[in-house]
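Per-entry structural report
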Amino acid sequence: MTATPTDRSLRDILFVLNPVSGDIDKSELEQTISEYCAEHGRTARFYHTHGHNDLLKLQNALHHYCPDALFAAGGDGTASLAAEAVVGTSTPLGILPLG
């Protein structure tokens, strides 16, 4: 059974993934997040950090996708990057500590 989000819920979510943070294997994380979101009537989009101009690129992704929320999946650097990207916006920030 697929859940349908209410009008007040987060439907479009942008996830920031740092594929090299910490010692946690994240090879299946994107698929797991996508499946979970789909099962709950949400859309998951992803931004993968590269280490070059990530703040500007993430801010551009936020502007382009206009997500209902941004989630950082990584360590303290990923969380800090995501927090800096949403400063001055009304975009909620969530953190999945995986670093």
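This section reports on the structure supplied with the text. (Residues numbered from 1 in each chain as written. Predicted model: local features only at pLDDT ≥ 70, side-chain atom pairs only at ≥ 80, totals over all residues. Heavy atoms only, no water.)

Points about the overall build of the chain
Here is the rule we go by: Elements are defined by DSSP. Helices are runs of H or I of four residues or more, strands are runs of E of two residues or more, and each kind is numbered from the N terminus. Buried residues are those whose accessible area, probed at 1.4 Å on protein chains only, stays under 20% of the maximum for their type, while exposed residues exceed 50% and partly exposed ones sit between those limits. In this description, contact between two residues means that some pair of their heavy atoms is separated by no more than 4.5 Å. Computed with a 1.4 Å probe, the accessible areas rest on the Shrake-Rupley method; for each residue, only the protein chains presented here act as cover.
Counting its regular elements, the chain contains three helices and four strands. Seen in sequence order, the chain has helices and strands lined up from the N terminus as β-α-β-α-β-α-β. Counting the 99 residues in the chain, one finds 37% classified as buried. Excluding contacts between residues fewer than 6 apart, the proportion of contacts in the chain whose partners are at least 24 apart in sequence is 67%. Accessible surface computed for the chain: about 6200 Å², of which carbon and sulfur atoms make up 52%.

A short note on unusual backbone geometry
At Asn53, a position not held by glycine, the phi torsion is positive, near 55°. One can find Asn53 in the loop between β2 (43-48) and α2 (54-65). Within the chain, Cys66 stands out as a residue other than glycine whose phi angle is a positive 50°. With respect to the element layout, Cys66 can be found in the loop between α2 and β3 (69-74).

Focus: helix α1 (residues 29-39)
The following threshold applies: Working note: the arc is built from the helix axis to C-beta atom directions.
For α1, every residue scored as buried is listed here: Leu29, Ile33 and Cys37. Buried positions in α1, seen along its axis, are confined to an arc of 60° and lie on one side of it. The inward-facing, buried residues of α1 contact β1 (12-17), β2, β3 and β4 (93-97). Looking one or two places after α1, you find Gly41, whose phi comes out positive at around 70°.

Focus on the packing of aromatic side chains
We apply this condition: Each aromatic pair joins two rings of Phe, Tyr and Trp (for Trp, the six-membered one) with centres within 6.5 Å, and gets the label stacked for planes under 30 degrees apart, edge-to-face for over 60, and tilted for any other angle.
A full pass over the atoms with the stated rule returns two aromatic pairs. Counting every residue linked through ring pairs, the aromatic cluster contains Phe15, Phe46 and Phe71.

Details of the environment of Cys37
Considering the arrangement of structural elements, one finds Cys37 in helix α1. Its relative accessible area of 4% is what places Cys37 among the buried residues. In sequence terms Cys37 and Arg11 are 26 residues apart; their C-alpha atoms lie 8.6 Å from each other. Leave out the neighbours within four places in its chain, and Cys37 touches Phe15, Arg42 and Ala44.

Comments concerning the packing of α2 against helix α3 (residues 76-86)
Using the following cut-off: Every axis in this analysis is a line fitted to C-alpha atoms, fitted for helices over the stretch in contact. Angles between the N-to-C directions lie between 0 and 180 degrees. Should an angle fall under 35 degrees it is taken as roughly parallel, and over 145 as roughly antiparallel, whereas 65 to 115 is taken as roughly perpendicular and any remaining angle as oblique. Each helix crossing is assigned a hand: it is left-handed if the near helix lies turned anticlockwise from the far helix by less than a right angle, otherwise right-handed if that turn is clockwise. Under this grouping Gly is polar, as are all residues other than the nonpolar Ala, Val, Leu, Ile, Met, Phe, Trp, Tyr, Cys and Pro and the charged Asp, Glu, Lys and Arg.
Packing of α2 against α3 leaves a shortest axis separation of 9 Å and a crossing angle of 55°. By the angle between their directions, the pair α2 and α3 is classed as oblique. Here the hand of the crossing between α2 and α3 comes out right-handed. Within the contact between the two elements, α2 uses Asp54, Leu55, Leu58, Gln59 and Leu62 and α3 uses Leu81, Ala82, Glu84, Ala85 and Val86. For the contact of α2 with α3, the per-class residue count stands at seven nonpolar, one polar and two charged.

Shape descriptors only; they carry no functional weight alone.
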